[in-house]
Amino acid sequence: MKRALGPALKILALRMPALAIPALAIPVLLFGSTMRAADAPVVVTSIKPIHSLVSAIMQGVGEPKLIVDGAASPHTYNLKPSNARALQDAKVIFWVGPGLEAFLEKPLQALGRDASIAELDNAPGLVKLAFREGGAFEPHDDAPEHESASGQHDSASDAPEHEHDHAEADHDHDAFDTHLWLDPMNAKAMAAMITTTLVAADPANALTYQGNAKALNDRLDALDAEIKGIVAPVKGKPFIVFHDAYQYFEHRYGIRVAGSITVSPETIPGAERVSEIRHKVGELGATCVFAEPQFEPRLVNVVIEGTRAKSGVLDPEAATLKAGPDLYFTLMRGIADSMKDCLSST
C-alpha cells in the first residue's frame, strides 16, 4: 500500500505547492469518506416516494437501495433476484406495508429476518382515510366530508388545518387507503419514524440523521404552503382519476375528485364501469379525466369521448421521475401543477 501511495502523494505535492498539508494527513483525507461510506448501514426501501424521504435523511451517510424502480408500480410488481439479494443484505428495510406492497410480505419474512423492518403505515401521527368503495363517488358538497379509517369525519374545507388532528386507526390494512405519502403532513410523520429507525440502527450517525430530518421537515412545511397556493384557483372543479389514489391530496387541499375509472389498478374496468364513469363526467360536469403513466391511457380517451372534459396525467407513485432526495418534492408539485393546468383550461 505504501508503494502504491508514493507516486500519488508526489503528484499531489507538485500540483498543490501552496497547500501546507502534512503528508501523513493526506491518506486520511483520501480515504476518510470511503471509510464512512463503508460503515453506513445497508438500507433498502420499497417505492420511490419512501426512497426519497429516506435518501434525504441519509444524506452525508449513505444512499438507500430501491426495489420498485423505473416505471414499475407496487400494485403489479414482481420481485427480481437483485431485489432478493438486497433484502438479504439489508440492515434496515422501509416499506409502507402489505396493503400497498403485497408482493413484499413473504420475501420480508424469508429474507429480511436479520434486518430492522419499519412498516411506515404504523408511523405515529398519520392521517388514515378509509377506502371509498366503487369508482363513481357521490357528488361533493362545498365542504365534503371524508370518513377516516377510525370512523371519524374531517371536513375537506378544514383539511389544511388538520396537522394537529391526525387520528391513527387500528392496524387493519384493508381498512384504509395506503397512498399515505400524498399528504406532506403524513410524509413528516413517516420521516419521524424513518429517523428513529435509522438512529437506532446506526447511532454513530445519529446527529446527521436528526439534522437532515429537521431540514426535511422545514422543506415539507414550505411545500405544503406552496401546494395550497397552486391548487387554490381550481379547488371547486370536479375531476375523474384513473384509480382512487388521491384521497390524501384531496383531503389536505380540499380539491374535488368526483370518481375513478377503476377501483383497483390491477383490474381493467369493463364496459359497464366505463359507461358509469362517462355518465358521472356528464352529470357532475367533470372538467378533466386524469390518466397515470403505468396504466392504459386509452381508457381515459374512451371516457372523455363525446364530453367536454379534457385529459391530463397524474403520477402518484413517481413512475416517470428519477429516484433521489428531491423526488418527493417534484412528485407533489407535479400533481398540483397538472391539476391546475388541466382544470384551469376548461
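### Concerning the packing of aromatic side chains
Consideration 1: In this structure the tally under the stated criterion is four aromatic pairs.
Consideration 2: Both rings, one in Phe239 and one in Phe290, keep their centres 5.4 Å apart while their planes meet at 85°; by these two values the pair is edge-to-face. Taken together, the residues span a long stretch of sequence, with Phe239 in strand S7 (residues 238-243) and Phe290 in strand S9 (residues 288-291) at a distance of 51 residues.
Consideration 3: Ring centres of Tyr328 and Phe329 lie 5.9 Å apart, and the angle between their planes is 90°; on these two criteria the pair is classed as edge-to-face.
Consideration 4: The class of Phe329 is buried, set by a relative accessible area of 1%.

### Notes on the pairing of S7
Consideration 1: Counting buried residues in S7 gives six out of six residues, a clear majority hidden from the surface.
Consideration 2: Direction of pairing for S7 relative to S9: parallel, over a ladder of three bridges. Residue pairing across strands places Val241 opposite Phe290, the latter belonging to S9.

### Looking at the sheet that holds S7
Consideration 1: One open sheet holds the four strands; their spatial order is S8-S7-S9-S10, and the pairing between them is parallel. Because the sheet does not close on itself, it has two edges, and the strands there are strand S8 (256-262) and strand S10 (310-313). For this sheet, the mean angle separating the axes of adjacent strands, direction not counted, is 30°.
Consideration 2: Its contacts with the sheet place helix H9 (residues 271-284) against S7, S8 and S9, and it is angled at close to 160° to S8.

### What about the nonpolar core?
Consideration 1: Grouped together as the largest cluster of nonpolar side chains are 75 residues, with contacts concentrated most on Phe94, Trp181, Phe239, Phe249, Tyr328 and Met339.
Consideration 2: When residues in this core are grouped by element, the largest group, 10 residues, is from helix H11 (residues 327-344).
Consideration 3: Core analysis: the second largest hydrophobic core is formed by 16 residues, Ile261, Leu299, Val300 and Ala309 among them.

### Side note on unusual backbone geometry
Consideration 1: If you check the backbone angles, Ala318 has positive phi at about 65° while not being a glycine.
Consideration 2: Locating Ala318 in the fold gives a position in the loop between S10 and H11.
Consideration 3: According to the relative accessible area criterion, Ala318 is buried, its value standing at 0%.

### Comments concerning the pairing of S9
Consideration 1: Every second residue of S9 is oriented toward a common face, with Cys288 and Phe290 on one face and Val289 and Ala291 on the other, all of them buried.
Consideration 2: In this sheet, S10 lies alongside S9 in parallel orientation, the contact comprising four bridges. Bridge pairing links Cys288 to Lys310 in S10.

### Digging into H9
Consideration 1: The end-to-end C-alpha separation of H9 is 20 Å, in line with the 20 Å expected for 14 residues at 1.5 Å each.
Consideration 2: Those residues of H9 that fall on the buried side of the exposure criterion are Val274, Ile277, Lys280 and Val281. Within H9, the buried residues cover an arc of 120° as seen down the axis, which keeps them to one side. Residues of H9 that are exposed and angled more than 90 degrees away from the buried face: Ala271, Glu272, His279 and Gly282.
Consideration 3: On its buried face, H9 sits against S7, S8, S9 and helix H10 (298-304).
Consideration 4: The first or second residue beyond H9 is Gly285, which carries a positive phi of 65°.

### A short note on the packing of helix H3 (residues 48-58) against H11
Consideration 1: Taken N-terminus to C-terminus, the directions of H3 and H11 make an angle of 135°; their axes are 8 Å apart at the nearest point. Between H3 and H11, the interaxial angle falls into the category oblique. Contacts between H3 and H11 involve Lys48, Pro49, Ser52 and Leu53 from the former and Leu327, Tyr328 and Leu331 from the latter.
Consideration 2: Of the residues contributing to the contact of H3 with H11, the split by class is five nonpolar, one polar and one charged.

### Description of the environment of Ala201
Consideration 1: Mapped onto the fold, Ala201 is located in helix H6 (residues 184-201).
Consideration 2: Here Ala201 falls in the buried class, since its relative accessible area comes to 15%.
Consideration 3: Each C-alpha atom of the pair Ala201 and Lys91 lies 7.6 Å from the other, and the pair is 110 residues apart in sequence.
Consideration 4: When residues no more than four places from it in sequence are discounted, the contact partners of Ala201 are Lys91 and Val92.

Scoring rules and cut-offs
Residues numbered from 1 in each chain as written. Predicted model: local features only at pLDDT ≥ 70, side-chain atom pairs only at ≥ 80, totals over all residues. Heavy atoms only, no water. Phe/Tyr/Trp six-rings, centres within 6.5 Å; stacked < 30°, edge-to-face > 60°. Helix = DSSP H or I, 4+ residues; strand = E, 2+ residues; numbered from the N terminus. Buried < 20%, exposed > 50% of the residue type's maximum accessible area, 1.4 Å probe, protein only. Pairing = 2+ DSSP bridges. Axes fitted to C-alpha atoms, helices over the stretch in contact; angles between N-to-C directions. Contact = heavy atoms within 4.5 Å. Core = buried A, V, L, I, M, F, W, Y, C linked by side-chain atoms within 4.5 Å. Expected span 1.5 Å × (residues − 1). Arc of directions from axis to C-beta. Parallel < 35°, antiparallel > 145°, perpendicular 65-115°, else oblique. Nonpolar A, V, L, I, M, F, W, Y, C, P; charged D, E, K, R; others polar.

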